[in-house]
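Take a look at the letters that make up each chain.
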Amino acid sequence: MKPIPYGRQHITQEDIDAVITTLQSDYLTQGPKIEEFEKKFAQYIGCTYAVAVANGTAALHLCALALDVNENSRVITTPITFAASANCVRYCGGEVHFADIDPSTGLLDIQKVRQLLESKPKGYYQGIIPVDFAGYPVDLEAFRKMADEYNLWIIEDACHAPGGYFTDSKGIKQNCGNGVYADVAIFSFHPVKHIATGEGGMITTNRKDIYEKLLMLRTHGITRKPELLHENHGGWYYEMQTLGYNYRMPDMLTALGISQLDRADEGIRRRREIARRYDEAFRENSEITILNPSVQEPDKGVGISHAYHLYVIQTSRRKELYDYLRSQQIFAQVHYIPVHTMPAYQELGWKKGDFTLSEAYYQKCLSLPMYPSLTDEEQQYVIESVIRFTT
Ligand SMILES: *Cc1c(COP(=O)(O)O)cnc(C)c1O
């Protein structure tokens, strides 16, 4: 049996051909594939605008800039996420604050956020960055309602959840990242994510003002649009109107993204199949708790549809199980070490004990292999190995 990772990309001949075609074209970066990818991605997610960028971290940074995060900003996020969700605030000089998770979902607990907001005068906090952790959609309708009370913006970190959705109080299906309740959302195309381009990211929004800012910030703060220029000296003329970055996604990678996006629905279906098999295998296992088992029926269009970036179980013998699986060539992973316990956050005054639910979750969590190209045989081997260990 070859090693089984917790996640991996799936590259087909079509993907390879798509990249080769752009390599033979006139554009390696800043070509026509970027806009095509943006249009198709926006359509897939169901939002108005999409901006392709260098990676998910760059996407977060640009969103923070576009929302005017600065030295006076305080922003709330979850400890159970990849560090980048929090770091983007610090890139802009702002302060990161955390609220604990709801242990039943692993997501930022809206009640905990509310307590934090109520503990300070209005205006103290500027924004919230909730994360669709593991692919389980945040109830953004509820977050929006609270954000409006406190005049906050929302960046949805939807890296784990392209293809996930929740149904809102009006019975409308809301895709993760569609910008109906959040101001902006971000995605990553890192190889373990649903759509893999090596490096790559996307920002989605329905706000035109933010969209215009993002386009400029992505490319050095430069614009060539005649209607935006202060002066115009001729065809060569451009203006750098704000301090921006080079956060573009190259044409050849967006070509790969387009090809991958064509298989997104297929990938989600396969992820759900894998999840159901794990659910069945472990439901009665007294040593294992499944985080967000699929009790809902996503295909009937009600409730919540999990995008299954990760399949997370919890067990009190986590380290032993992790080590055992490794000995069996199964490379399960831990998501995540709480961000506030990282040395670079402890330096700022956060410490172990600050968010006990996140820390307790971290003690027990383990992500089992979950990716569309995981075969039935491989999954069976994973299931049997886990069961052998737990019984
Ligand atoms: C992957 C990921 C990121 C960062 O994406 P990169 O493309 O690796 O920069 C941010 N947030 C979450 C939740 C992620 O999983």
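Keep in mind that this is a model prediction, so the values were computed, not measured. (Residues numbered from 1 in each chain as written. Predicted model: local features only at pLDDT ≥ 70, side-chain atom pairs only at ≥ 80, totals over all residues. Heavy atoms only, no water.)

1. Observations regarding the site of the ligand
Around the ligand, 13 residues are found, and the nearest of them are Gly56, Thr57, His160, Ser188 and Lys193. Between a nitrogen atom of the ligand and a side-chain N or O atom of Asp157, the distance comes to 2.8 Å. Relative to its unbound accessible area of 380 Å², the ligand is 93% covered by the protein chains. Placement of the ligand is best described as lying within the second largest pocket. Looking at the shell around the ligand residue by residue, the classes come out as three nonpolar, eight polar and two charged. (Near = heavy atom within 4 Å. Polar contact = N/O pair within 3.5 Å; in protein donor to acceptor, adjacent residues only side chain to side chain. Areas by Shrake-Rupley, 256 points an atom, 1.4 Å probe, with all protein chains shown as cover. 1 Å grid on protein atoms, 1.4 Å probe; cavity = no way out; pocket = protein on both sides within 12 Å on 5 of 7 lines; lining within 4 Å. Sits in = over half its atoms within 2 Å of the grid points. Nonpolar A, V, L, I, M, F, W, Y, C, P; charged D, E, K, R; others polar.)

2. Some points on unusual backbone geometry
Most peptide bonds take the trans form, and the phi angle of most residues other than glycine is negative. At the junction of His335 and Tyr336, the peptide bond is cis and its omega measures out at 0° in the coordinates. For Tyr336, the position within the fold is in the loop between strand S18 (330–331) and helix H11 (343–346). With phi around 55°, Asn292 is a residue other than glycine that occupies positive phi space. Here Asn292 lies in the loop between strand S15 (289–290) and strand S16 (304–305). (Helix = DSSP H or I, 4+ residues; strand = E, 2+ residues; numbered from the N terminus.)

3. A short note on the sheet that holds strand S17 (residues 311–314)
Pairing within the open sheet is antiparallel, and its three strands lie in the order S15-S17-S19. Both edges of this open sheet fall to S15 and strand S19 (365–368), since each of them pairs with a single strand only. Across four bridges, the pairing between S17 and S19 is antiparallel. When the sheet's bridge partners are listed, Tyr311 is paired in S19 with Leu368. Across the sheet, helix H9 (residues 264–282) lies against S15, S17 and S19, angled at about 15° from S17, the strand it touches most. (Pairing = 2+ DSSP bridges. Contact = heavy atoms within 4.5 Å. Axes fitted to C-alpha atoms, helices over the stretch in contact; angles between N-to-C directions.)

Honestly, that's just the spatial picture; any functional story needs more than this.
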